[in-house]
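# Structural characterization, general
One letter stands for each residue in the lines below.
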Amino acid sequence: MRQAKRIVVLTGAGISAESGLGTFRDEGGLWAQHRIEDVATPEAFARNPDLVHRFYNARRIQAAEAHPNPAHEALARLQNAFDGDVTLVTQNVDGLHEKAGAQVIHMHGELARALCADCAHRWDAPREMSVGETCPACHAPSARPDIVWFGEMPYHMERIIDAVQSCDLFAAIGTSGQVYPAAGFVEEARVCGADTVELNLRDSDTSHAFTDHIIGPASKTVPAWVDRLLS
Ligand code: APR
Ligand code: ZN
């Protein structure tokens with residue numbers, strides 16, 4: 001792998017698994033406990049906002065008490081020590097990359113933030129949100145979790161695609177490659193000439209698109225991978 005100067009790292013729920021936060025599609029994952037159409041779509045929130053708030057309240061409280069693991073810490077170290085550009089994009093909403101000191105682009109929003117469905121104002125969410133919560137800016141009772149639900153456009157896509165198209169190394173860590181547009185980034189990077197590496201416990205739906213694979217738990221593989229990049 002030639003000396004990279006511009007790295008893009010995409011993370012998924014697998015990087016936070018060893019911090020005690022459940023993934024979505026592993027055995028017993030979140031989508032085995034809840035139906036997406038009940039808790040993670042705009043229609044679900046319109047139909048039963050209390051159920052949706054309770055789903056995110058439980059995850060917000062759990063994430064607030066969780067700690068970054070050596071994988072999150074290694075990526076923060078890479079960003080601070082690498083002689084080049086490291087763009088970190090996450091599908092996760094748990095806030096663990098920031099807790100580790102990294103700069104991160106949240107494409108699916110953040111549990112720690114609330115969004116006004118009326119005026120799009122954002123603010124720090126309380127530990128538990130409830131139905132009819134009012135927006136501090138327009139005072140409408142239209143507060144919702146600042147989470148990108150299925151059927152909604154992920155955030156910061158232009159900035160992300162720019163970085164993916166101009167990187168020379170693209171890495172995906174702990175993602176099953178089942179949700180687009182994130183699952184398509186590797187192809188985009190590859191056609192633009194980047195080397196590609198996947199770090200996961202096992203093969204994902206997009207493993208075929210990566211030239212290199214590092215199999216193992218992120219808390220072990222990511223620090224070793226970062227050490228090699230920084231040596
Ligand atoms: N180390 C490395 N990889 C791991 C670990 C670990 N300790 N534990 C699990 N994994 C891998 C799994 O093998 C799987 O490929 O993490 C991946 C988790 O996949 P998903 O649960 O599908 O999570 P993710 O890919 O982040 O989901 C993407 O789907 O539901 C939406 O918005 C949600 O952001 C989420 C998106
Ligand atoms: Zn508002």
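Okay, so let's go over this structure. (Residues numbered from 1 in each chain as written. Chains lettered and ligands numbered in written order. Predicted model: local features only at pLDDT ≥ 70, side-chain atom pairs only at ≥ 80, totals over all residues. Heavy atoms only, no water.)

Before going further, it helps to spend a moment on the side chain of Thr175. Here Thr175 lies in the loop between strand E7 (169-173) and helix H8 (185-191). Apart from residues no more than four positions distant in its own chain, Thr175 is found in contact with Leu10, Gly12, Gln91, Glu198, Asn200 and Ser204. (Helix = DSSP H or I, 4+ residues; strand = E, 2+ residues; numbered from the N terminus. Contact = heavy atoms within 4.5 Å.)

This part covers the sheet that holds strand E6 (residues 143-147). In a beta sheet, neighbouring strands are held together by backbone hydrogen bonds and run either parallel or antiparallel to one another. Judged by pairing direction, the sheet is antiparallel, and its three strands sit side by side in the order E5-E4-E6 without closing on themselves. The two strands at the open ends of the sheet, each matched to only one other strand, are strand E5 (122-124) and E6. Between one strand axis and the next, the sheet turns through 45 degrees on average, direction left out of account. Pairing of strand E4 (residues 109-116) with E5, which is carried by three bridges, proceeds in the antiparallel orientation. Each residue of the ladder has a partner; that of Leu115, found in E5, is Arg122. (Pairing = 2+ DSSP bridges. Axes fitted to C-alpha atoms, helices over the stretch in contact; angles between N-to-C directions.)

Looking at the zinc ion (ligand 2), the protein donor atoms are Cys116 (SG), Cys119 (SG), Cys135 (SG) and Cys138 (SG), and they sit 2.3 Å from it. Geometry at the zinc ion (ligand 2) is tetrahedral, judged from its four donor atoms and the angles of 105 to 118 degrees they form at the metal. Donor residues for the zinc ion (ligand 2), ordered by position in the chain, follow C-x2-C-x15-C-x2-C. Taken together, the positions of Cys119 in the loop between E4 and E5 and Cys135 in the loop between E5 and E6 put the pair 16 residues apart, joining distant regions of the chain. Relative accessible area serves as the criterion here: at 0%, Cys135 is assigned to the buried category. (Donors = N, O, S within 2.8 Å, 3.2 Å for Na, K, Ca; no water. Tetrahedral: all angles 85-135°; square planar, octahedral: opposite > 155°, others 65-115°. Buried < 20%, exposed > 50% of the residue type's maximum accessible area, 1.4 Å probe, protein only.)

On their own, these measurements won't tell you what the molecule is for.
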